[in-house]
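A look at the structure
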Amino acid sequence: INKGFVLAVKGGTNAENHNHNDVGQFIICINEKPLVIDLGSGEYKRNTFTDDRYSLFFTRGESHNIPVINGFEQYSRNTARAENVKVSENKNGETITMDIQSAYPQEAEIIKCSRVCSFERTDKPKIQVTDSFNMRKYPAIVELNLFSPFGISKKNKVINFVNGRHKINAIING
C-alpha cells in the first residue's frame, strides 16, 4: 500500500457461483475509505437464485464500473471471461491488462475491448484505468458508470471526488 491507495481488479468469468456480470470490474480505496466501489449485492429474494437474476440491477453490468457498449451490458455465459490477462510489475508499480470483449453479446459490434488498470507507486501515486475499443461500426456509444460514496462533480472532462479533506481528480480522455 502506498499513501493509502488500494486498487483491486476482477478478471474471471461471468459464469461463477453467485455471479454478477462484471468482468473487468475495479475498486479503488484511499486511506481505508472506498473511492470507486462495487455496489455489492442487493437484498436476496427468490428471483436472485433463478434465471431471472440478471433482471436485478445489482447483478447486471450497468451496476458495475465496466463499459456499457452501444447499449449492451455484459452477459452471463461460460464464454464471457477475461482473456489474455497479463500482470506486470516493476519498482514503480503494477499493471493488469485483459481483453473483455467475450463478455458482451455480438450485437454490441465489438471486435476487441481491452481494459488496462495500472497503479504507479511513486511520490505522487497514480491509478489509471484505460479502456480501448475496436468496433465493427462507428460511431460507437460507450457509457461507464462510476459508483462512489464520495461527493462527485464533473466539469468538462474532469470528475472530482470529494470527501472531507480528500479530493481526487479523474480525467476522461476520448
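You'll find the structure just up there.
About the thresholds
- Residue numbers here run from 1 along each chain, matching the order of that chain's written sequence.
- With the structure being a predicted model, the display of local features is reserved for residues of pLDDT at least 70 and the display and counting of side-chain atom pairs for 80 or more, all residues being used for whole-chain, interface and lining totals.
- Hydrogens and water are ignored here; the side-chain numbers use all heavy atoms of the structure.
- Here, nonpolar core refers to any group of buried Ala, Val, Leu, Ile, Met, Phe, Trp, Tyr and Cys residues whose side-chain atoms link them within 4.5 Å.
- Remark: exposure states derive from per-residue accessible area (1.4 Å probe, protein chains only) relative to the maximum for the residue type, with buried under 20%, exposed over 50%, and partly exposed in between.
- Labels follow the DSSP assignment, with helices taken as runs of H or I lasting at least four residues and strands as runs of E lasting at least two, numbered in each case from the N terminus.
- Pairs of N or O atoms are called polar contacts if they sit within 3.5 Å, as long as, within protein, a hydrogen donor faces a hydrogen acceptor (for residues adjacent in sequence, only side-chain-to-side-chain pairs).
- Contact criterion: two residues are considered in contact whenever any of their non-hydrogen atoms come within 4.5 Å of each other.
- At least two bridges found by DSSP between two strands is the condition for calling them paired.
- Helix axes use the C-alpha atoms of the stretch in contact, all axes being lines fitted to C-alpha atoms, and the angles between their N-to-C directions lie in the range 0 to 180 degrees.
- Think of a 1 Å grid over just the protein atoms. A cavity is a set of points where a 1.4 Å probe fits yet cannot get out, a pocket is an open set with protein on both sides within 12 Å along at least five of seven lines, and lining residues have an atom within 4 Å of a point.
- Grid points are joined across faces, edges and corners, and a volume is the space filled by probe spheres set on the points.
- Under the grouping applied here, Gly and all other residues not named as nonpolar or charged are polar, the nonpolar ones being Ala, Val, Leu, Ile, Met, Phe, Trp, Tyr, Cys and Pro and the charged ones Asp, Glu, Lys and Arg.
- Pairing of aromatic side chains requires ring centres within 6.5 Å, counting the rings of Phe and Tyr and the six-membered ring of Trp. Pairs whose planes differ by under 30 degrees are stacked, by over 60 edge-to-face, and all others tilted.
- The rule for a charge over a ring is simple: NZ of Lys or CZ of Arg within 6 Å of the ring centre, and within 35 degrees of the ring normal.

Looking at the nonpolar core
If you look at the biggest cluster of nonpolar residues, it comprises 15 residues, and the most contacted ones within it are Ile 69, Ile 100, Tyr 104 and Ile 110. Among the elements of the structure, strand 6 (93-99) and strand 7 (110-120) are those that each provide at least two residues to this core. In terms of residues, this core owes the most to one element, strand 7, which gives 3 residues. Judged by nonpolar contacts, the second largest core, of 11 residues, contains Phe 26, Ile 30, Leu 35 and Phe 119.

Things to note about the side chain of Ser 148
Position of Ser 148 relative to the elements: it lies in the loop between strand 9 (142-144) and strand 10 (151-155). Looking at Ser 148, the relative accessible area reads 18%, which means it is buried. Among the polar contacts listed, one links the side chain of Ser 148 to the backbone oxygen of Leu 35, at a separation of 2.4 Å. Looking at Ser 148, its side chain comes within polar contact range of the main-chain nitrogen of Phe 150, at 3.0 Å. In this view, Ser 148 contacts Leu 35, Ile 37 and Phe 161; residues no more than four positions away in its chain are not counted.

Digging into the environment of Ile 168
In this fold, Ile 168 is placed in strand 12 (residues 166-171). With 30 residues separating them in the primary sequence, Ile 168 and Tyr 138 have C-alpha atoms 32 Å apart. Discounting chain neighbours no more than four positions away, the residues touching Ile 168 are Phe 5, Ile 30, Leu 35, Ile 159, Asn 160 and Phe 161.

Points about the sheet that holds strand 8 (residues 126-135)
With antiparallel pairing, 4 strands are arranged side by side in an open sheet as 5-6-7-8. Whereas interior strands pair on both sides, the edge strands pair on one side only; in this sheet they are strand 5 (83-90) and strand 8. The sheet shows a mean angle of 10 degrees between the axes of neighbouring strands, direction not considered.

Concerning the environment of Ile 172
The topology assignment puts Ile 172 in the segment after strand 12. Under the relative-accessibility criterion, Ile 172 is labelled partly exposed at 33%.

Digging into the layout of surface pockets
Approximately 1100 Å³ is the volume attributed to the largest pocket. Forming the boundary of the largest pocket are 28 residues, of which Gln 128, Val 129, Ala 170, Ile 171 and Ile 172 lie nearest the centre. Among the residues making up the lining of the largest pocket, the classes are represented as 18 nonpolar, 5 polar and 5 charged.

Considering the pairing of strand 2 (residues 26-30)
Two faces make up the sheet, and in a regular strand the side chains alternate between them. On strand 2, burial follows the alternation: Phe 26, Ile 28 and Ile 30 on one face are buried, whereas Ile 27 and Cys 29 on the facing-out side are not. In the sheet, strand 1 (residues 5-9) pairs with strand 2 via 5 bridges, with the strands oriented antiparallel. Within the sheet, the bridge partner assigned to Val 9 lies in strand 2 and is Phe 26. Both strand 2 and strand 3 (residues 33-36) contribute to a ladder of 3 bridges, which runs antiparallel. Across the sheet, the residue bridging to Ile 28 is Val 36, located in strand 3. Linkage of strand 2 to strand 3, two consecutive antiparallel strands, is achieved through a turn of 2 residues, within which Asn 31 is found at a positive phi near 50 degrees.

Considering the packing of aromatic side chains
Two aromatic rings, taken as a pair, are described by how far apart their centres are and by the angle between their planes. Taken as a whole and judged by the stated rule, the model has 1 aromatic pair. Both rings, one in Phe 5 and one in Phe 119, keep their centres 6.5 Å apart while their planes meet at 65 degrees; by these two values the pair is edge-to-face. One end of the pair, Phe 5, is in strand 1; the other, Phe 119, is in strand 7, with 114 residues separating them in the sequence. Given a relative accessible area of 4%, Phe 119 falls into the buried group. Positioned above the aromatic ring of Phe 119 is the side chain of Arg 121, whose terminal nitrogen or guanidinium carbon lies 4.2 Å from the ring centre.

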